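# A look at the structure
Spelled out from the first residue to the last, the chains are:
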Amino acid sequence: LKKNHEAYVRQQQEIHRLEDLIEKFRYKKNKAAFAKSKQKYLDRMDKIEDSSSDTSQMKAVFTCARKGGKQVLEVEDLSVGYDKVLSKVSFQLLQGQRMAIVGPNGIGKSTLIKTLVKELPAISGSFKFGHQIDVGYFNQESAQMKSNKNVLDELWDMDPDATQTQIRNTLASFLFTQDEVFKEVNDLSGGERVRLALAKLMLEHDNVLLLDEPTNHLDIPAKEALESALEKYDGTILFVSHDRMFLKKMATRVLEMDSVGKIYDLNYEEYLDKKANNELIESVTKVEKEVKPQTVSFTDLKAIKNRVAKLEVLLDEAEQDLEAMRELRYEPEYYQDYRKMEELDAKIDDKHNEIAALMKEWEEKMAMME
């Protein structure tokens, strides 16, 4: 049952990735055929039934200890980056808004969040949080916590005055039940660490959440539970995500970063539609560009296009390899031999990593062509 559920979760993640890809490129003329081929691959996929479908679902509830001021955050001519400016932004964030930060890879989306929580210094410009604003922060580094403590003690240290029952109830809402609460934090999987980090964030009761890729490593039921919790949250959210479904459900406003910051008072679906039809109208005055966009010569552009075409072939081949390896799980030669099954699972994980690396390069090359 456990092996079946793990296979189901992996396939659901793969389906989610493909659906995001199809959604992203189905309306782009030069990529419609690519999106169509992915849809065909998805349609042919033999769907795995989940043997653990009756398991409990994550039940997070995010609340604010205090309401805070209406003016949550004011950012003025803020240049962010490391050794050079990646982007310069100006915007205001008001109470109750859920603003998505979008833009090409490497433009400084996560860098902006890190600057706002003072993990990185601003290169120039300023920002100021409003009156009685309590800021909660989640990123992938915080989710990769290392600790010799068990899960129960790790969370209990956040709220020493709580009873064990209260802490265990909180952990149960993030799917840590029975003996799982005594697992050492260092032994948790990626998804379990994310759930624990979110449980810690929930206990802080902040009225502003800065979230950097909060759905990474979560399976689809956990993602949906997080979306539901954040939709009911009465605070303010500023977030970065590459998860298209999460963006669609969460964003009530969009900050588009592309050397400068442009604000759109639209939900994510409206933003995509208007962007596709060249109908976007900014809701604030655009900051003048200080960073010159990278120019690509004709020769370079041709090489990039060739590489994109090659990457698409490699992605198709890798996805076919992945599906073939998944099919092997149902062969007696494998499911009756746990060593062979472990070796197969390791190869499947490697293939997932290969696909992720190819997709990352493909997206980077596509950004250079735009």
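This text gives an overview of the structure that appears in the document.

Time to look at the overall build of the protein. Looking only at helices and strands, one finds 13 helices and nine strands in the protein. Its C-alpha atoms give the protein a radius of gyration of 22 Å, near enough to 21 Å, the size a compact globule of 370 residues would have. Of the contacts made within the protein by residues no fewer than 6 positions apart, 70% connect residues no fewer than 24 positions apart. By element, 48% of the accessible surface of the protein is carried by carbon and sulfur atoms, the whole surface being about 19500 Å². Positive and negative side-chain charges in the protein, numbering 56 and 68 respectively, have mean positions lying 5 Å apart.

Core analysis: the biggest nonpolar cluster contains 47 residues, and Phe62, Leu171, Leu230 and Phe239 have the highest contact counts within it. Counting residues per element, this core draws most heavily on helix α7 (residues 190-204), which supplies seven residues. Aside from chain neighbours lying at most four places away, what touches phenylalanine 239 is Arg98, Met99, Ala100, Ile101, Leu211, Phe246, Leu247, Met250 and Ala251. Judged by nonpolar contacts, the second largest core, of 23 residues, contains Val75, Val80, Leu93 and Ile101.

This paragraph deals with the environment of alanine 276. Within the secondary structure layout, alanine 276 lies in helix α10 (residues 268-276). Sequence-wise, alanine 276 and lysine 28 are 248 residues apart; in three dimensions their C-alpha atoms are separated by 8.0 Å.

Cut-off values and rules
Residues numbered from 1 in each chain as written. Predicted model: local features only at pLDDT ≥ 70, side-chain atom pairs only at ≥ 80, totals over all residues. Heavy atoms only, no water. Helix = DSSP H or I, 4+ residues; strand = E, 2+ residues; numbered from the N terminus. Rg over C-alpha atoms; globule rule 2.2 N^0.38 Å. Contact = heavy atoms within 4.5 Å. Areas by Shrake-Rupley, 256 points an atom, 1.4 Å probe, with all protein chains shown as cover. Lys, Arg positive; Asp, Glu negative; His and termini not counted. Charge placed at Lys NZ, Arg CZ, Asp CG, Glu CD. Core = buried A, V, L, I, M, F, W, Y, C linked by side-chain atoms within 4.5 Å. Buried < 20%, exposed > 50% of the residue type's maximum accessible area, 1.4 Å probe, protein only.

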